[in-house]
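Coordinate analysis (summary)
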Amino acid sequence: MGIKKTVSVLGLGRMGSSLAKALVDQGYEVTVWNRTPKELPNTRSVATPQEAFKSDVVITCLSTYDAQQPLLTNEIKTLVNLTSGTPEQARATARWAKDNGVEYVDGVIMAVPQQIGTEQAKIFFSGSENHHVLQAFGEPVYVGEDDAGLAALYDLALLGIMWAMFGGYLQAVALVGSEGIAPERFTPMAMSWLNEMSTLLPEMGEETRTRQYETDVSALDINVAGLRMLTEANREQGLDTTIPQALHDLFERAQRHGHGTHSIASVIEEIRK
Ligand SMILES: NC(=O)c1ccc[n+]([C@@H]2O[C@H](COP(=O)([O-])OP(=O)(O)OC[C@H]3O[C@@H](n4cnc5c(N)ncnc54)[C@H](OP(=O)(O)O)[C@@H]3O)[C@@H](O)[C@H]2O)c1
């Protein structure tokens, strides 16, 4: 077995601390740096990022790119960036790395800190294919090809689904809750409904690809009427209507632009504008 590379972790927030612990568990020699000095068992804590750059691999996990950008220098050998950002931020960092002779891996963590080190944690990565360190955190999934921004693109696309689902769930809990129905009674129904609805995605995806929206299932007209009812019901129950109103307005715009008899997938024509 070869000698393991030395690794530094910059940022010991909730996620960075979990990453550093997972590396220690995998037998790596780990150096850590945090803006607010912090100790972590079995790691070497340093006072400046420059001291951390002596390691073979530097992992960054700060809150935002704005926080990490001022810290980066060409003293870094391999940078594994696990700070979340936009595809363009990832590409700009990849360009900076290339210009400065730094090997660059851009990764996104599709997990919460408690899942790090388990197979539930998927780490999407792009840029350099040098992913050995990522195996300590879960299952690395290379999405890179030539574009360092792709991991961030997948990350935000999937998070967008998650946020929409959580927003929809919380609105629904508030709606049934306004009549005294407890979340524990409603949540199993929501889970089973979401499972069933997710089986419709492949067909919907295909419709968006072919742009053929003829349907004998459910026309946009009927869904716009439904969203109007949902918005009204939330208002009647004294609740905020931001989410149903926004969906109603988007779907209604697609309807106005000639998609009333088409399937819900036709709403993508409005989104793509
Ligand atoms: N938590 C999750 O479930 C999760 C899941 C997937 C991805 N991520 C991503 O992982 C990254 C870190 O998230 P987190 O949950 O660990 O956040 P967090 O607990 O809020 O920690 C933020 C870290 O960033 C540091 N930081 C903030 N501003 C800084 C600055 N200007 N200069 C230097 N250091 C700065 C903080 O240092 P101080 O201790 O000094 O404040 C801390 O180490 C984010 O990009 C997040 O999107 C998190």
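Residues numbered from 1 in each chain as written. Predicted model: local features only at pLDDT ≥ 70, side-chain atom pairs only at ≥ 80, totals over all residues. Heavy atoms only, no water.

Focus: the site of the ligand
Neighbouring the ligand are 19 residues; Arg14, Met15, Asn34, Thr36 and Ser84 lie closest to it. Thr36 places a polar side-chain atom, nitrogen or oxygen, 2.5 Å from an oxygen atom of the ligand. Within the backbone of Ser63, one N or O atom sits 3.1 Å away from an oxygen atom of the ligand. When the ligand is considered free in solution it has 900 Å² of accessible area, and contact with the protein chains removes 72% of it. The element that contributes the greatest number of residues to the shell around the ligand is helix H1 (residues 14–25), accounting for three residues. (Near = heavy atom within 4 Å. Polar contact = N/O pair within 3.5 Å; in protein donor to acceptor, adjacent residues only side chain to side chain. Areas by Shrake-Rupley, 256 points an atom, 1.4 Å probe, with all protein chains shown as cover. Helix = DSSP H or I, 4+ residues; strand = E, 2+ residues; numbered from the N terminus.)

Digging into the packing of helix H5 (residues 150–177) against helix H6 (residues 183–198)
Between H5 and H6, whose axes approach to 10 Å, the crossing angle comes to 140 degrees. As far as their axial angle goes, H6 and H5 are oblique. Judged by the twist between their axes, the crossing of H5 over H6 is right-handed. From H5, Met165, Tyr169, Ala172, Val173 and Val176 reach across to H6, where they touch Pro183, Phe186, Thr187, Ala190 and Leu194. The residue makeup of the contact of H5 with H6, split by class, is nine nonpolar, one polar and no charged. (Axes fitted to C-alpha atoms, helices over the stretch in contact; angles between N-to-C directions. Parallel < 35°, antiparallel > 145°, perpendicular 65-115°, else oblique. Left-handed = near helix turned anticlockwise from the far one by under 90°. Contact = heavy atoms within 4.5 Å. Nonpolar A, V, L, I, M, F, W, Y, C, P; charged D, E, K, R; others polar.)

Here's the deal with a nonpolar patch on the surface
The grouping of Leu156, Trp163, Met165, Phe166 and Leu194 at the surface amounts to a nonpolar patch, some 470 Å² of accessible area in total. Among the elements that line the nonpolar patch, the one with the most residues is H5, at four residues. Along the chain, Trp163 falls in helix H5. Classification of Trp163 by relative accessible area gives exposed; the value is 51%. (Patch = residues over 30% accessible without salt bridge, like charges linked within 9 Å, V, L, I, M, F, W, Y side chains within 5 Å. Salt bridge = Lys/Arg side-chain N within 4 Å of Asp/Glu carboxyl O. Buried < 20%, exposed > 50% of the residue type's maximum accessible area, 1.4 Å probe, protein only.)

Considerations on unusual backbone geometry
Of note in this structure, Asn42 is not a glycine but carries a positive phi near 65 degrees. Along the chain, Asn42 turns up in the loop between strand S2 (29–33) and strand S3 (44–45). By relative accessible area, Asn42 is classed as exposed at 66%. Residue Arg211 is not a glycine yet carries a positive backbone phi of 60 degrees. Here Arg211 is to be found in the loop between helix H7 (201–210) and helix H8 (220–236).

Description of the packing of aromatic side chains
Tallying each qualifying case throughout the model produces two aromatic pairs. Centroid distance Phe124 to Tyr154: 6.0 Å. Interplanar angle 80 degrees. Geometry classified as edge-to-face. Placement of Phe124 in strand S7 (residues 122–127) and of Tyr154 in helix H5 is noted, with a sequence separation of 30 residues between them. Both rings, one in Phe125 and one in Tyr142, keep their centres 4.9 Å apart while their planes meet at 50 degrees; by these two values the pair is tilted. (Phe/Tyr/Trp six-rings, centres within 6.5 Å; stacked < 30°, edge-to-face > 60°.)

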